[in-house]
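Results of the structural survey
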2 protein chains.
Amino acid sequence: MLYVDSLLCTPLERETPSHRPALEALAAGGVGCVTVTVGFWEDATESMDQLVKWRYMAEDNADLVEIAFTAADIRRIADSGRCAIVLGFQNVSFLQGRLGYVELFARMGTRVGQLTYNIQSDIGGSCYEPSDSGLTRYGKYVVREMNRCGMVIDLSHVGNTTTLDAIEHSLDPVAITHSNPSTLAAHPRNKPDEVLDALRDRGGMIGLSVYRNLVGEYTTAQKWSELVAWTVDRMGIEHVGIGTDFDQTGGMPYLEWMRQGRWAREIQYGAGSKTNSGPQEGSGWFDDPTQFPNAEACLRDRGFDEREVALIMGENWLDFYGRTFKEL
Amino acid sequence: MLYVDSLLCTPLERETPSHRPALEALAAGGVGCVTVTVGFWEDATESMDQLVKWRYMAEDNADLVEIAFTAADIRRIADSGRCAIVLGFQNVSFLQGRLGYVELFARMGTRVGQLTYNIQSDIGGSCYEPSDSGLTRYGKYVVREMNRCGMVIDLSHVGNTTTLDAIEHSLDPVAITHSNPSTLAAHPRNKPDEVLDALRDRGGMIGLSVYRNLVGEYTTAQKWSELVAWTVDRMGIEHVGIGTDFDQTGGMPYLEWMRQGRWAREIQYGAGSKTNSGPQEGSGWFDDPTQFPNAEACLRDRGFDEREVALIMGENWLDFYGRTFKEL
C-alpha cells in the first residue's frame with residue numbers, strides 16, 4: 001500500500017545529526033512519498049543553498065530516496081521500494097517579493113509552497129496574527145502564478161481569512177498539508193468547519209496531523225481514527241490524507257529556528273507555549289515514520305474498507321499531486 | 001536557410017529604448033536563433049531578476065520570439081518564422097561561488113555560460129589579465145558540472161591558459177561564441193592557432209565576429225569572407241559559425257556596465273581603448289541582424305557551396321547545441 005506523508009518536518013538535508021537513520025526509518029515504515037520542509041525563513045539564495053543540500057543528500061542516499069518532480073515520478077520511486085521526496089517550503093520567503101521567482105523556483109523543483117509561515121508576510125496573514133489582512137494584492141498574483149507553475153498552495157499555517165481568500169482565488173485545488181479540525185481540537189493551527197468545507201468544495205486536500213499540540217484529546221490510535229472518521233464524514237473520503245509534521249532529528253535549535261527565525265529577539269513558542277516549549281512527547285503509537293503501518297491498522301479497526309484505507313494512506317495525495325503539479 | 005547568431009549582445013530585456021524594433025530587425029534579417037546576453041556581472045538574485053525580464057519580454061513579443069531550451073525547440077521556433085532565444089550569460093557570477101547553482105541555473109533555462117568575463121574570477125583568468133592562473137580547482141568542478149547539466153562552456157573572453165585547460169578538462173565540446181583568429185587580427189580577445197586547434201580536436205565551435213575591434217583589416221564583406229575561409233581551412237567546415245557580438249540598442253551606459261561593472265572606479269575600455277572608447281562604427285555591410293543575408297551572400301561569393309554556406313550560417317551551431325544541451 002502506498003503511504004504518503006504530506007508534511008515531514010525532519011531536516012534531512014542536515015548532516016548533523018546524520019540523516020541516514022531518519023531515511024532508514026522512512027524505509028522501515030514503508031513510506032513511499034514525503035513532502036519535506038526545505039525552508040521556513042530563508043531568502044532566495046539561502047533557499048537555493050537548501051535545495052542544493054537536499055539534492056546532495058538524495059544523491060548520496062539514492063538507495064533509499066529520490067527527488068520527485070511529477071506524480072509519475074512518485075509512483076515509480078515508491079514502486080522501486082524507495083521514498084519519493086517532494087520539495088516543499090513552509091513559506092514563500094524565497095520569492096523576496098518577486099512574482100517572477102515563482103516560475104524560477106518551480107523550475108528548480110519546488111512543488112509545494114506555504115503562503116505564510118507563523119507571521120504575516122507581503123502575501124497575507126498567519127494563523128497566529130491578531131488581525132488577518134486576508135490575501136493581499138501581491139498574494140493574489142502569487143496564487144495565480146503558483147497555479148500556472150504547478151506549485152501547490154499550502155495553507156496550514158495561514159490565517160483563516162487569508163486561507164478562505166486563497167481557496168477562492170486559486171484556479172487549482174489547494175492543500176492544508178498538516179492541520180486538524182479545530183472543532184475537535186481547538187488551536188490556532190487547526191481549521192474551522194468553514195475552511196474545511198470551502199477546501200472540499202474546490203477539490204482540495206487536508207493532511208491530518210499527529211503532532212501532539214494539534215490533536216487535543218485525540219491522542220490514542222482509537223481516538224485519532226475517530227478524528228479521521230469525523231473529517232471524512234465532514235469532507236468526503238477523497239479529501240483526506242495524512243500529514244504527520246514529524247521531526248525525527250531536529251531538536252531544540254531547529255525548533256527555535258522554525259519558530260523564531262530572525263523576526264524576533266524574544267523567544268517564540270509556535271504551536272507550543274511557555275510552559276510547554278520543547279519537542280512534544282509522542283503518542284506511543286505513531287511517533288515516527290516507522291509506525292505508518294499502525295496508522296493503516298487503526299483505520300481498518302475503525303471500519304474503513306480496503307479502498308478507503310488506501311485513499312487515506314496515500315492514494316488521495318498522489319491523485320492530488322497529479323492534478324496540481326505541472327511541468328513547465 | 002537557418003541563421004544562428006551565437007552571441008547577440010543587445011539588451012533586449014530592457015524596455016528603454018524599446019526592444020521591439022530590435023526584435024523586428026531579427027525578423028527582417030530572417031534570424032532563426034540568437035544566443036543572448038542575460039548578464040555580465042550580476043549575482044544570483046540579480047541574474048534571476050534578469051531571467052524574469054527576458055521571460056516577460058519573450059511573452060510580450062511571442063509573435064516574434066520564444067525562449068528555447070532544447071535544439072528541437074530552436075528548429076521548431078525557427079521553422080515557425082520566429083527567432084529562438086537561447087539564454088546565455090557572459091559570466092558565471094550568478095554562481096556566487098556555489099557549485100550547486102550550476103544545476104539550479106540550468107533548470108531555470110540557462111544554456112550558455114562564459115567562464116570569465118573581462119576580469120579574473122574564482123574560476124580562471126580573463127583574456128585581459130596580465131597573468132592567467134589557468135583553470136582553478138573550483139573551475140574544474142564547475143566545468144564538469146556544466147557538462148553534466150548541459151550548460152555550454154563559452155571561452156570567448158577567457159585567457160588562453162584557462163581556455164586550453166577548460167578545453168582539455170571538459171568532457172563535452174566547448175565554444176568560443178564570439179572571437180576571431182589572432183593570427184589574422186591581433187587582439188587579446190582573439191584566439192591563437194593553438195587554441196583553435198585544441199577547440200577543433202575536441203569537437204568545439206567558434207562563432208566568428210564582425211565587431212570592428214576584433215576584425216582587424218578584415219572589414220569588408222570580401223575581406224571578412226577571407227577570414228572565414230582561413231578559419232575553415234584551419235579548423236574544418238563543421239567547427240565554424242557566426243557570433244556577431246551585435247549590440248543594437250545598448251549605447252554608452254550599457255557599454256560602461258559591461259566593461260566596468262562594479263569592479264573599478266576608473267574607466268575601463270574593454271575591447272576598445274582610451275582613444276577609441278565608444279560604440280564602434282559599422283562595416284556598412286553587416287552591422288545589424290537585418291544584414292544576415294549579406295553574410296550568406298559573401299560566403300557564396302567566396303565559393304562555399306550550398307551545404308557549406310548552410311553549415312556556417314546556422315546548422316553547425318544547431319548541431320553543436322544538440323550535442324551539448326541536456327534536459328535534467
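Quantities reported herein were computed from a predicted structural model and do not represent experimental measurements.

1. Considering the interface of chain B and chain A
Each partner contributes residues to the interface: chain B has 21 residues there, and chain A has 21 residues. Counting each side, the surface lost to burial between chain B and chain A is near 1800 Å², with a carbon and sulfur contribution of 59%. Between chain B and chain A we count 6 salt bridges in total. Where chain B packs against chain A, one counts 10 residue pairs in polar contact (both at pLDDT 80 or more). When contributions to the side of chain B that touches chain A are tallied by element, the ones reaching two or more residues are α2 (44-60), α4 (101-107) and α5 (137-149) of chain B. For the side of chain B that touches chain A, the leading source of residues is α2(B), giving 8 residues. Residue classes in the side of chain B that touches chain A are distributed as 11 nonpolar, 3 polar and 7 charged.

2. Details of the nonpolar core
Core analysis: the largest hydrophobic core is formed by 161 residues, its most contacted members being A:Phe105, A:Leu115, A:Trp224, B:Phe105, B:Leu115 and B:Trp224. Aside from chain neighbours lying at most four places away, what touches B:Leu115 is B:Asn91, B:Val92, B:Ser121, B:Ile123, B:Leu135, B:Val143, B:Met146, B:Ile153, B:Asp154, B:Leu155, B:Val158 and B:Ala166.

3. Remarks on helix α9 (residues 221-235) of chain B
Residues and elements named next belong to chain B. Here α9 contains 15 residues, and its C-alpha end-to-end distance of 21 Å stays within 8% of the 21 Å for a straight helix at 1.5 Å per residue. Within the sequence span of α9, burial applies to Trp224, Ser225, Leu227, Val228, Ala229, Thr231, Val232 and Met235. Considering only its buried residues, α9 is in contact with α7 (193-201), β8 (205-208), α8 (212-215), β9 (240-242), α11 (292-302) and α12 (306-324). A positive phi of about 100° marks Gly236, the residue just after α9.

4. A few points about the relation of the copies chain B and chain A
Mapping chain B onto chain A calls for a rotation angle of 180° and an axial translation of 0.0 Å; the resulting RMSD is 0.0 Å. Read as a symmetry element, the transformation amounts to a two-fold axis. For chain B, the smallest separation between a C-alpha atom and the rotation axis is recorded for B:Arg107, amounting to 2.8 Å. Both copies share a contact surface, since 100% of the interface residues of chain B are interface residues in chain A too.

About the thresholds
- Residue numbering note: each chain is counted from 1, following its sequence as written.
- Each chain takes a letter, starting from A, and each ligand takes a number, starting from 1, following the order in which they are written.
- Given that this is a predicted model, residues contribute local features only at a pLDDT of at least 70 and side-chain atom pairs are listed and counted only at 80 or more, while totals for whole chains, interfaces and linings are drawn from all residues.
- Side-chain metrics in this entry use all non-hydrogen atoms of the structure; hydrogen atoms and water are not considered.
- Whether two residues are in contact is decided by their heavy atoms, any of which lying within 4.5 Å being enough.
- By definition, the buried area sums, over both parts, the 1.4 Å-probe accessible area that each loses when the two are put together.
- Note on definitions: salt bridges are taken to be side-chain nitrogens of Lys or Arg within 4 Å of carboxyl oxygens of Asp or Glu.
- N or O atoms within 3.5 Å of each other form a polar contact, as long as, within protein, one can give a hydrogen and the other can take it, and as long as residues adjacent in sequence are counted only when both atoms are side-chain atoms.
- Put simply, DSSP marks the helices as runs of H or I at least four residues long and the strands as runs of E at least two long, and each gets a number from the N terminus on.
- Lys, Arg, Asp and Glu make up the charged group, whereas Ala, Val, Leu, Ile, Met, Phe, Trp, Tyr, Cys and Pro make up the nonpolar group; the residues left over, Gly among them, are polar.
- Only buried residues count toward a nonpolar core, which is a set of Ala, Val, Leu, Ile, Met, Phe, Trp, Tyr and Cys residues joined through side-chain atoms within 4.5 Å.
- Burial classification: accessible surface area is computed with a 1.4 Å probe over protein chains only, and a residue below 20% of its type maximum counts as buried, one above 50% as exposed, and the rest as partly exposed.
- Given a helix with a known number of residues, its expected span is that number minus one, times 1.5 Å.
- Least squares is used to superpose the copies, and the fit set is the C-alpha atoms of residues whose pLDDT is at least 70 in both copies.

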